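Chain by chain, the residues:
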Amino acid sequence: MSDTLGCNPLAETGRSKLQNQRAVLNQQILRAVRMRAGAENLLRYVATNNNKVREQVLLELSFVNSDLQILKEELEGLNISVEVYQNTEETFSIPLVPLGLKETKEVDFTLPLKDFILEHYSEDGSEYEDEIADLMDLRQACRTPSRDEAGIEMLISYFLQLGYIENRFFPPTRHMGILFTWYDSFTGVPVCQQNLLLEKASILFNTGALYTQIGTRCNRQTQAGLENAVDAFQKAAGVLSYLKETFTHTPSYDMSPAMLSVLVKMMLAQAQECVFEQIGLPGIRNEFFTLVKMTQEVAKVGEVYMLVNTAMNQEPVKENIPYSWSKLAQIKSDHYKALAHYFIATILCDHELQSGDDEDQQEKALSQLYDYMPEGLMILTVLKDKVQRKQLGKAHLRKAIVYHEEALRVCGLCKKLRNIDVLQEVLTAAHKRSLLKYAQQETEDDFLSLIQAPDILPKTEHKIETIAPHFSKVKVKDFFHRLGPLTVFSAKQRWTAPRTIRIHHEAGELGFSLKGGSPVQIYCLDPVCSASMGLKEGDYIVSVGGVDCKWHGVNEVLEKFKSVGEQPIEIEVISCQDTAASMHSKSATYSVGMQKTYSLICLAMEEDKIDQTKKVPLKLPFLSWGTKNRQKAASTLCLTSAVAGSSQIKKKLSPFTLLNTESSLY
């Protein structure tokens, strides 16, 4: 399967080179974090009374922290390497930002699944080697998905397959011994868990990330390309939103609710930006009502990017979001606000009210652009008075120039952004256009003009919303279909080993009745009939005459009995074991009996709990690049336990968790 799925991991494409660099950086960050952990432990337990050793350890810590900061900046450089993901056609558009795929380590399912099949299902695990190989091939291919719908479908297929795997092989009462490791997309720090939900959440994140890469790859010089880009970013936002709502206790900063909320906003803003480009693609006519529409549309783009920039600068996201992303959102906000003021200035300077124009329609259209007017001005008066019209138009041009200059200033201050040539070209061209427009206006009355241009009301006729993932469109078959119907043969239900019963017909009577779907169940046993000796009420028939019949219905099983006539026939049956033993109930809010999290941050928190009474020097948290205290830095990672007697939160049954309604989150 690996020969046909995914991209060639050795292919020297720009995107694969970036992912390879990301993998190398992840390993370097892991080594640096381990060194810092060792130095911190040495400082805590050994160097408390020896000043010389203490000074050496502190010096080593400063070097390690410097290395981590450098590595973080290199990782940020990969996250802003947007040129690699853009369409290869010549374009004059501001680049869009994609998400990089989360990296992971290889996982070997072979021994744990084969052992579980033997222990739990009483079957020979070696007979399922092909199915296990298919599962591992699919996972391996998901590490390098193709940047198209086939790649999306493959990731979703694996996500859905994990639903089957979870219910087949992951009982709620113990670990399977399979360790999943995924690296944070922004910090590069690994998170390791024996919880399959980490795997499912990470695959969802990569699905959303792949949608963003598809969106940035679209040709934004064509209507079809822009439509596809809008659709891709909306779907990316939908997947990330679903991830945020479904997995609420993720031990990884890139999948924390706060970070996902920001990423959803960013993807919707990029979709809104593509909508504006789509409207203006045929060209913007210098016509009154066309310019009014374009003014509001571009003001909407500026508004959504302003909200994105605000969200990126809030705690706890601010510490881990790439600095260049925040600055790019600020630049785009200023740039598109400047365009809005330029468009309305063009309306006022180039379109004087003519005798044949509809005053009422123009007044109504222009009034929709403002929440208020400068003191002493009225819309109709401005339309009719040439002087007031020019003054207000020039006020808008001055404001446009201020926004353009601010965008260029911020771009020049960010090392990563000023190296993106097309960004500099777009900002500079827009700035020069506004300056030229302003220079064309009469200047003799400038010293008398005290009008401040009012803010423009944003409005769009194309509402951008998230598109929820449609998992049902991807058809997958349970790799371990041969184990039997999942409603019966799951990790939650325990069964006896199959018992062989030899059935002798007595005057055509079996001594029991059959009911149910697949597999069929025995009921109404005749206690005096010797033909049914050894059977129990409620037994399931899994084999008749050596033929597996776990998927057979009542009629098919009866036909097999009839086919042997009066001859004795051997059947295999299983009995349900007592499953009433208490299990910890789990939900998105409470997490009693939660599986151990082996992420570095959680290990650090455990150490803190053990040594609460000791005074130790302040130190940097593993996942925080700033100087905040450990408890605050780990606030999104704290996994609270339920108080005894807490009411259980009911969750709706999801087709993607199959039988597992206890969607516990890390």
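Residues numbered from 1 in each chain as written. Predicted model: local features only at pLDDT ≥ 70, side-chain atom pairs only at ≥ 80, totals over all residues. Heavy atoms only, no water.

The chain carries the name Rhophilin-2 in an unreviewed UniProt entry, which gives Buteo japonicus as its organism. Looking at the Subcellular location (unreviewed entry) heading of the UniProt record, one finds this comment for the chain: "Cytoplasm". Heading Sequence similarities (unreviewed entry) of the UniProt record for the chain holds this comment: "Belongs to the RHPN family." (UniProt positions renumbered as here; feature names shortened; annotations may be inferred.)

What to know about the packing of aromatic side chains
A complete count under the given rule lists 15 aromatic pairs for this structure. With 5.3 Å between their ring centres and 65° between their planes, Tyr242 and Phe471 make a pair best called edge-to-face. Taken together, the positions of Tyr242 in helix α7 (residues 223–246) and Phe471 in the loop between α15 (421–439) and β3 (499–503) put the pair 229 residues apart, joining distant regions of the chain. This pair shows no difference in class: Tyr242 is buried, exactly as Phe471 is. (Phe/Tyr/Trp six-rings, centres within 6.5 Å; stacked < 30°, edge-to-face > 60°. Helix = DSSP H or I, 4+ residues; strand = E, 2+ residues; numbered from the N terminus. Buried < 20%, exposed > 50% of the residue type's maximum accessible area, 1.4 Å probe, protein only.)

Section: the packing of helix α10 (residues 323–350) against helix α13 (residues 386–413)
As a packed pair, α10 and α13 sit with axes 8 Å apart at the nearest point and diverge in direction by 160°. When the axes of α10 and α13 are compared, the pair comes out roughly antiparallel. You can see that α10 and α13 cross each other, and the crossing is left-handed. In terms of residue class, the contact of α10 with α13 is built from 16 nonpolar, 6 polar and 7 charged. (Axes fitted to C-alpha atoms, helices over the stretch in contact; angles between N-to-C directions. Parallel < 35°, antiparallel > 145°, perpendicular 65-115°, else oblique. Left-handed = near helix turned anticlockwise from the far one by under 90°. Nonpolar A, V, L, I, M, F, W, Y, C, P; charged D, E, K, R; others polar.)

Points about the pattern of salt bridges
Within this structure, the stated rule accounts for 22 salt bridges. Residue Lys114 is joined to Glu129 by a salt bridge in which the shortest nitrogen-to-oxygen separation is 3.0 Å. In this pair, Lys114 sits in helix α3 (residues 110–121) while Glu129 sits in helix α4 (residues 129–142), placing the two residues 15 residues apart along the sequence. When its relative accessible area of 41% is taken as the criterion, Glu129 is described as partly exposed. A salt bridge links Glu406 to Arg409; its shortest N-O distance comes to 2.7 Å. Pair noted here: Glu406 and Arg409 are both in helix α13, with a separation of 3 residues, about one helical turn. Exposure remark for Glu406: the relative accessible area of 25% places this residue in the partly exposed category. The partly exposed category is assigned to Arg409, whose relative accessible area is 44%. (Salt bridge = Lys/Arg side-chain N within 4 Å of Asp/Glu carboxyl O.)

Comments concerning the layout of surface pockets
By volume, the largest pocket amounts to about 600 Å³. Taken together, 20 residues make up the lining of the largest pocket; nearest its centre are Phe92, Ser93, Phe276, Glu277 and Leu339. Of all elements in the fold, only α8 (257–280), α10 and α15 reach the threshold of two or more residues within the lining of the largest pocket. It is α10 that provides the largest number of residues to the lining of the largest pocket, a total of 5 residues. Grouping the constituent residues of the lining of the largest pocket by class yields 13 nonpolar, 4 polar and 3 charged. (1 Å grid on protein atoms, 1.4 Å probe; cavity = no way out; pocket = protein on both sides within 12 Å on 5 of 7 lines; lining within 4 Å. Points joined across faces, edges and corners; volume = space filled by probe spheres on them.)

Topic: the environment of Leu160
Inspection of the secondary structure puts Leu160 in helix α5 (residues 149–169). C-alpha of Leu160 to C-alpha of Lys475: the two residues are 315 residues apart in sequence and 9.0 Å apart in space.

Examining α13
Over its 28 residues, α13 extends 41 Å from the first C-alpha to the last, a length consistent with the 40 Å expected when each residue adds 1.5 Å. Its side-chain oxygen at 2.9 Å from the backbone nitrogen of Val387, Asp385 defines the N-terminal cap of α13. (Expected span 1.5 Å × (residues − 1). Polar contact = N/O pair within 3.5 Å; in protein donor to acceptor, adjacent residues only side chain to side chain.)

Observations concerning unusual backbone geometry
Cis rather than trans, the peptide bond between Glu315 and Pro316 has omega equal to 0°. Omega for the bond connecting Ser518 with Pro519 falls within 30 degrees of zero, at -10°, which places this linkage in the cis form. Assignment of secondary structure puts Pro519 in the loop between β4 (513–515) and β5 (521–523). With phi around 55°, Ser122 is a residue other than glycine that occupies positive phi space. Tracing the chain through its elements places Ser122 in the loop between α3 and α4. The class for Ser122 is partly exposed, based on a relative accessible area of 30%.

With respect to the nonpolar core
Leu99, Phe169, Leu263 and Phe480 are the most contacted members of the largest nonpolar core, which has 138 residues in total. Considering every element that reaches this core, the biggest residue donor is α10, with 13 residues. When sequence neighbours within four positions are dropped, the list of residues in contact with Leu99 reads Phe186, Phe205, Ala209, Thr212, Gln213, Leu240, Leu263, Met266, Met267 and Trp325. Ile503, Leu510, Phe512 and Leu535 belong to the second-largest nonpolar core, a separate cluster that totals 17 residues. (Core = buried A, V, L, I, M, F, W, Y, C linked by side-chain atoms within 4.5 Å. Contact = heavy atoms within 4.5 Å.)

A few points about the side chain of Gln234
Summarising the element assignment, Gln234 is placed in helix α7. A polar contact of 2.9 Å, which involves the side chain of Gln234, links it to the backbone oxygen of Glu465. Ignoring anything within four residues of it in the chain, the contact list for Gln234 reads Ala271, Ile464, Glu465, Thr466 and Ile467.

Here's the deal with the environment of Lys399
Here Lys399 lies in helix α13. Owing to a relative accessible area of 22%, Lys399 belongs among the partly exposed residues under this scheme. Among residues more than four places away in sequence, those in contact with Lys399 are His341, Ala453, Pro454 and Asp455.

Observations regarding the pairing of strand β1 (residues 180–183)
What you see with β1 is no split at all: Phe180 and Trp182 on one side and Thr181 and Tyr183 on the other are buried throughout. Two strands pair when backbone bridges link them, and β1 and strand β2 (residues 190–193) are joined in this way by 4 bridges, in the antiparallel orientation. The residue of β2 that forms the bridge with Phe180 is Gln193. In sequence, β1 turns back onto β2 through a hairpin of 6 residues, with Gly188 there showing a positive phi of about 80°. (Pairing = 2+ DSSP bridges.)

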